[in-house]
Each structure stands twice: as C-alpha cells, then as structure tokens.
Amino acid sequence: MDNLYQELILEHNKNPRNFGELKEGECLKQEGLNPLCGDRLIVSLKLSEDGEQIIEDVKIRSDGCAISRASASMMSEAIKGKSVKDAVAIFHEFHDLLLKKHDPSVCPHLGKLEVFSNIWKYPSRVKCAALPWHTLNEIMEQTSRPSDQS
Ligand code: ZN
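Note that the structure is a prediction, hence the values are computed from the model and not measured. (Residues numbered from 1 in each chain as written. Predicted model: local features only at pLDDT ≥ 70, side-chain atom pairs only at ≥ 80, totals over all residues. Heavy atoms only, no water.)

Quick notes on the coordination of the zinc ion
The zinc ion binds to the protein through Cys-37 (SG), Asp-39 (OD), Asp-39 (OD), Cys-65 (SG) and Cys-128 (SG), with metal-donor distances spanning 2.2 to 2.6 Å. The sequence pattern describing where the donors of the zinc ion fall on their chain is C-x1-D-x25-C-x62-C. Within this pair, whereas Cys-65 is found in the loop between β3 (55-63) and α2 (66-79), its partner Cys-128 is found in helix α4 (residues 123-144), the two being separated by 63 residues in sequence. Since its relative accessible area comes to 14%, Cys-65 is described here as buried. On the basis of relative accessible area, Cys-128 is assigned to the buried category, the value being 0%. (Donors = N, O, S within 2.8 Å, 3.2 Å for Na, K, Ca; no water. Helix = DSSP H or I, 4+ residues; strand = E, 2+ residues; numbered from the N terminus. Buried < 20%, exposed > 50% of the residue type's maximum accessible area, 1.4 Å probe, protein only.)

Remarks on unusual backbone geometry
The phi dihedral of Asn-18 is positive, around 55 degrees, even though this residue is not glycine. With respect to the element layout, Asn-18 can be found in the loop between α1 (3-14) and β1 (28-34). With relative accessibility at 18%, the residue Asn-18 sits in the buried group. In this structure, Gln-53 is a non-glycine residue whose phi angle is positive, near 50 degrees. Among the secondary structure elements, Gln-53 is positioned in the loop between β2 (39-47) and β3. The class for Gln-53 is partly exposed, based on a relative accessible area of 25%.

Quick notes on α2
Between its first and last C-alpha, α2 extends 20 Å over 14 residues, near the 20 Å set by a 1.5 Å rise per residue. Judged by how many residues are buried, α2 sits mostly within the fold: 12 of 14 residues are covered. Within α2 the residues assigned to the buried category are Ile-67, Ser-68, Arg-69, Ala-70, Ser-71, Ala-72, Ser-73, Met-74, Met-75, Ser-76, Ala-78 and Ile-79. Residues of α2 that are buried sit in contact with α1, β2, β3, α3 (84-98) and α4. (Expected span 1.5 Å × (residues − 1). Contact = heavy atoms within 4.5 Å.)

Focus: the environment of Ile-55
For Ile-55, the position within the fold is in strand β3. Between the C-alpha atoms of Ile-55 and Val-84, which are 29 residues apart in sequence, the distance is 6.6 Å. Apart from the residues within four sequence positions on either side, Ile-55 is in contact with Leu-45, Lys-46, Leu-47, Ile-79, Lys-80, Gly-81, Lys-82, Ser-83, Val-84 and Ala-87.

A short note on the packing of α2 against α4
Between α2 and α4, the shortest axis-to-axis distance is 8 Å and the interhelical angle comes to 35 degrees. In this structure, α2 meets α4 at a crossing whose hand is right-handed. The segment α2 lies against α4, with Ile-67, Ser-68, Ser-71, Ala-72, Met-75 and Ile-79 engaging Arg-125, Cys-128, Ala-129, Pro-132, Trp-133 and Leu-136. (Axes fitted to C-alpha atoms, helices over the stretch in contact; angles between N-to-C directions. Left-handed = near helix turned anticlockwise from the far one by under 90°.)

Below is the structure:
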C-alpha cells in the first residue's frame, strides 16, 4: 500500500477519533462483527430530535485490526454533524470505492476516506474496512423505518 496512506491508517489505528460509547438511552447502538478477521465494534449514534436527523454525536468502540479501527475512526469524522441522508450517500460512495467502482468526479464526498481506494487489491481486508459502515448502515435503516405505528 502507498506509504502515505499506510501512515494515515496506522495513525488512526493508534489514536482513533471519537472512541468509546455514548450513554445508554440517549443514542442508537449497533454491534458489528467480522468473524473472518476477528474485528468487533460498537457504533453509537445520537441523532437530533427534529426531522432533520442530524448526527449530533457518534462514538465507536472498536476492537480489531488496524484497517477496521482506522476505517471506524475516519468514518466517525466523516459523518459527525451530517444528516442521516448525507451519511447514507457517503456510505454508498465508500462502498463503490471498496468495489473499485468509485468515480471521484461524480461523487466527490469521500475526502480522506479515499485512503482506502487500493483496498480492493486485498480482498481479505475489504470486509475489515467495510465493517464500520455496514454497522452504521444498519442503524440508519432502523431510523428510516416508521416507528410510531403502535
Ligand atoms: Zn480486520
């Protein structure tokens, strides 16, 4: 992997941003597992109460390889302060990036996340990089479901 990219991944692994968990009852939580590598993480999200669904806070407790931890750390930076709608758009771009289908001229929102643009060359690591995003997406799918139909 390119040295600069590798450094960024190692740095985020060593010093993950937004590490930890939000208080129970004030957030949405989801656990993610990647049994192939042994990665495990918990994503907690706090959304704004208005209809905008802004991600007011995000914390991730990650336990696993450098790729999964760095991906979780960078994801937290990328989505904090964004709406769920925007976060879903970034998720789809990132997913395309992992599958080598990303076109930055069409979808320019990835920024630093492009550090993972060569990961498709290492198929066993793709799941590590994707884990935080799939876990996040599970939470976001819950939020888009109508919940007050009782
Ligand atoms: Zn891993």
